[in-house]
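So you can see what is in the structure, the chains are spelled out below.
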Amino acid sequence: MLSWTIDTGGCFVRCMLGCLRRSKPFHHAACASGETVVKAVSQYATGSSFHEEDDKAGRPTTPWVRQVISGVDLMRHPKYNKGLAFSDTERDRLYLRGLLPPAVLSQELQLERTLLNIRSKDSDLEKSTYLQGLQERNERLFHRVLLENLEELLPVVYNPTVRLACQKYGLMFKSLPRGLFITLEDRGRVFRILKNWPERNVKLLVVSDGERVGDLGDLGVQAVGVPISKISLYTACGGIPPSITMPVMIDVGTDNEELLRSPFYVGVRHRRVRGDPYYELMDEFLTAVKRRFGNTVLVQFEEMAYDNASKLLNMYRTEFPCFNDDMTGVAAAVLAGIMAALPRTGGRLSDHRIVFVGDGAVVACIAELFATAVATQTNQTVLDARRRLWLVDSQGLVTRERGDSSTVESYKLPYCHSGPDCRDLISAVKLLKPTVLVGLSTHGTPPFPFTPEVLQTMSETCKHPLIFPLSAAMPECTAADGYSFTEGRALLATEQKVEAATLPNGRTSTPSQCTSTYIFPGVALGALISRCTKLRDEQFIAAADAVSRMVTEEELSQGSIYPALSKIRDVSASVAKAVAQKAYESGFATALPKPHNLYEAARQNMYHPQYRRYR
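As the structure is a computational prediction, the values presented were derived from the model and not from experiment.

**Describing the side chain of glutamine 107**
Then, number 1: Mapping glutamine 107 onto the fold places it in helix H5 (residues 107–119).
Then, number 2: Among all residues touching glutamine 107, those that are not within four sequence positions of it are Arg140, Leu141, Arg144, Pro609, Gln610 and Tyr611.

**A word on the side chain of threonine 296**
Then, number 1: Relative to the helices and strands, threonine 296 resides in the loop between helix H14 (276–293) and strand S6 (298–302).
Then, number 2: When near neighbours in sequence (up to four residues on either side) are disregarded, threonine 296 contacts Pro321, Arg531, Cys532, Thr533 and Thr590.

**Some words on the pattern of salt bridges**
Then, number 1: Counted under the stated rule, the structure contains 33 salt bridges.
Then, number 2: In this structure, the salt-bridge partner of arginine 163 is glutamate 303, at a minimum N-O distance of 4.0 Å. Highlighted residues: arginine 163 in helix H9 (residues 161–167) and glutamate 303 in the loop between S6 and helix H15 (306–316), separated in sequence by 140 residues.
Then, number 3: Since its relative accessible area comes to 12%, arginine 163 is described here as buried.
Then, number 4: On the accessibility criterion, glutamate 303 (2% relative accessible area) is buried.

**Remarks on the packing of aromatic side chains**
How two aromatic rings sit relative to each other is given by the distance of their centres and the angle of their planes.
Then, number 1: Taken as a whole, this structure holds 8 aromatic pairs when the rule is applied.
Then, number 2: Measuring from centroid to centroid gives 6.4 Å for tyrosine 80 and tyrosine 614, while their planes differ by 70 degrees, and the two rings are edge-to-face. On the criterion of sequence distance, the pair formed by tyrosine 80 in the loop between helix H3 (71–75) and helix H4 (88–93) and tyrosine 614 in the segment after helix H27 (598–604) is long-range, its members being 534 residues apart.
Then, number 3: Measuring from centroid to centroid gives 5.4 Å for tyrosine 518 and tyrosine 562, while their planes differ by 15 degrees, and the two rings are stacked. Taken together, the positions of tyrosine 518 in the loop between strand S16 (512–513) and helix H23 (520–530) and tyrosine 562 in the loop between helix H25 (553–557) and helix H26 (568–586) put the pair 44 residues apart, joining distant regions of the chain.
Then, number 4: Its relative accessible area of 3% is what places tyrosine 518 among the buried residues.
Then, number 5: What makes tyrosine 562 buried here is its relative accessible area of 2%.
Then, number 6: Through a chain of ring-to-ring contacts, the aromatic side chains of Tyr80, Phe86 and Tyr614 assemble into a single cluster.
Then, number 7: Seen from the ring of phenylalanine 191, arginine 291 lies directly overhead, with NZ or CZ sitting 3.7 Å from the centre.

**Some remarks on the packing of helix H8 (residues 150–157) against helix H12 (residues 225–238)**
Then, number 1: Contact geometry for H8 and H12: axes closest at 11 Å, N-to-C directions at 160 degrees. Between H8 and H12, the angle falls in the class roughly antiparallel. Crossing of H8 against H12: the hand is left-handed. Side by side, H8 and H12 meet where Leu150, Leu154 and Val157 of the first sit next to Ser229, Leu233 and Cys237 of the second.

**Side note on the nonpolar core**
Then, number 1: In this structure, Phe468 and Ile561 are the most contacted members of the largest nonpolar core, which totals 124 residues.
Then, number 2: For isoleucine 561, the residues in contact, after removing those within four places along its chain, are Ala336, Gly337, Ala340, Ala341, Leu466, Phe468, Leu491, Ala493, Ser512, Val551 and Leu556.
Then, number 3: Residues Leu180, Leu194, Trp197 and Tyr279 belong to the second largest nonpolar core, which totals 36 residues.

**Concerning the sheet that holds strand S4 (residues 204–208)**
Then, number 1: Strand order across the open sheet formed by 5 strands is S3-S5-S4-S6-S7, with parallel pairing between neighbours. Bordering the open sheet on either side are strand S3 (180–183) and strand S7 (322–324), each of which pairs with just one other strand. Averaged over neighbouring strand pairs, the angle between their axes works out to 25 degrees when direction is ignored.
Then, number 2: As paired strands, S4 and S6 are joined by 5 bridges and run parallel to one another. Directly across from leucine 204, in S6, lies its bridge partner leucine 298.

**Comments concerning H26**
Then, number 1: Look at H26: 27 Å from first C-alpha to last across 19 residues, which is about the 27 Å you get at 1.5 Å a residue.
Then, number 2: Phi for glycine 587, located one or two positions after H26, is positive at around 85 degrees.

**So, the pairing of strand S12 (residues 466–469)**
Then, number 1: Covered by surrounding structure in S12 are Leu466 and Phe468 together with Ile467 and Pro469, the residues of both alternating faces.
Then, number 2: Examined bridge by bridge, strand S11 (residues 436–439) and S12 share 4 bridges and lie parallel to one another. Paired with glycine 439 across the strands is proline 469, a residue of S12.
Then, number 3: What joins S11 to S12 is helix H21 (residues 452–461), and the crossover it makes is right-handed.
Then, number 4: Two strands pair when backbone bridges link them, and S12 and strand S13 (residues 491–494) are joined in this way by 2 bridges, in the parallel orientation. Within S13, the residue paired with leucine 466 across the bridge is leucine 491.
Then, number 5: For the segment spanning S12, helix H22 (residues 479–484) and S13, crossover handedness is right-handed.

Reading the values: the criteria
Residues numbered from 1 in each chain as written. Predicted model: local features only at pLDDT ≥ 70, side-chain atom pairs only at ≥ 80, totals over all residues. Heavy atoms only, no water. Helix = DSSP H or I, 4+ residues; strand = E, 2+ residues; numbered from the N terminus. Contact = heavy atoms within 4.5 Å. Salt bridge = Lys/Arg side-chain N within 4 Å of Asp/Glu carboxyl O. Buried < 20%, exposed > 50% of the residue type's maximum accessible area, 1.4 Å probe, protein only. Phe/Tyr/Trp six-rings, centres within 6.5 Å; stacked < 30°, edge-to-face > 60°. Lys NZ or Arg CZ within 6 Å of the ring centre and 35° of its normal. Axes fitted to C-alpha atoms, helices over the stretch in contact; angles between N-to-C directions. Parallel < 35°, antiparallel > 145°, perpendicular 65-115°, else oblique. Left-handed = near helix turned anticlockwise from the far one by under 90°. Core = buried A, V, L, I, M, F, W, Y, C linked by side-chain atoms within 4.5 Å. Pairing = 2+ DSSP bridges. Expected span 1.5 Å × (residues − 1). Right-handed = clockwise from strand over helix to strand, strands pointing away.

This is how it looks when you write it as structure tokens:
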């Protein structure tokens, strides 16, 4: 075996030609002028040459990377790139001199310039595309821009814009490893595919199969944009380091005819596969996840059909912490708003009468978490708590007189009480006299809008009615109507941020934004600092309580039942403390000994997007 040493400016690079002949990787970093020599040795060992023309012969070559990056490679790496913020010393030391304009711009100036660029875009989709490009170039700047301007940028990086971006994903696809893709053809090798992910210390996965993307329905593999955007929020809001996260797309086909006909669709081209083959693939995937990353890895299911998501949760919730944000996260967010409003509405949580309006299982998930919370805080059973909760679907009030388990969906049965026939919402409101009205249809137009008559009738029997028009496709009512037809006494929370409404008496009321962003980042942070092996409903109830306690008296007096998004890191730390505390009390936290101050532990474990200095 031949061995020789090259002296390049005082740095020695040992090259083993015998190893190179067998395509073994380099173990030493190339540096400065030595890079050319090492590249030459690599090309000699692999049979290639300096001239690009020789590559046209189609001869195979060995791709390789250096362990310590500098120069152009450093600038191209989003995790380490700082743009023009590299100092003069760093530019000399890291061989960047001449590769950048001479000016040195701080991260604060870069942030200001980025905001100017974003605000110059004509549409939210253009803003989203610009932010995606920034994330691919400069990870820390992206997360700092998002964190410090969350209220402005949340609808750009998340709903509703992310769903529009998913529709155009085939045209916008870039060959960067933004997510992991697994198909039915990968059965038997899923564990090996997991090992292809560039990060080894993964602690959080967001997994989707793209079957139910809000009101857009089945988007197949193009729904990968949702897990990617979700992880951005985990980092910005909860301080979860991006290096320990992984978005995963389970591609089992699509029933979307338009996508199947499109030549630009990037997923597998067949109908969506269901039943045993689907669950066998998911079992292999989740078993491989546990084997690769351990039993404390947090798995969030996203944009799945209710039947699949609920079955997966029931099967694997004892294996590792997992949840579905569309079900439990949204439910906890609604619960937090109801809890926060108690100082205005008076009474206890168990005193509320709630009518849930909508088609889809999410309303039943909200109702179930609320019933569990009432049972936890009182001596009632969950069965007793359910008696004050009613469902209204497209056929009217759900009652036993309408049918049994053979005609009524299973998730509605726990709230199928005896009662008269009410074919519309106004009849149900007159009969039940609710204190809380929640509208949430996951797809299509809501079955019943919150008409002026509904709002007026509700306000006649309730001093401060709580109104949640949360349907994404079309809210059940506007904020202005919600205030006007309740004489300004209602407390409103909408799915998207809306402007403050001016009442006839001149008073201004600001509707809140009910978003699971208050919940899931803190839940993940709490699960990670406690290294819990399970997630239970009581942890989400504790998370909702923590969010409600962050609402100040001033915010409540202005009609807001959620804290300002500008305080999202404080909110997430409080949620993390509550979630971790429940894990320790229940005995499934493995991070021992328990930190003396869980809130401080949460703050100290947060990722901060400020630039770092390089040696």
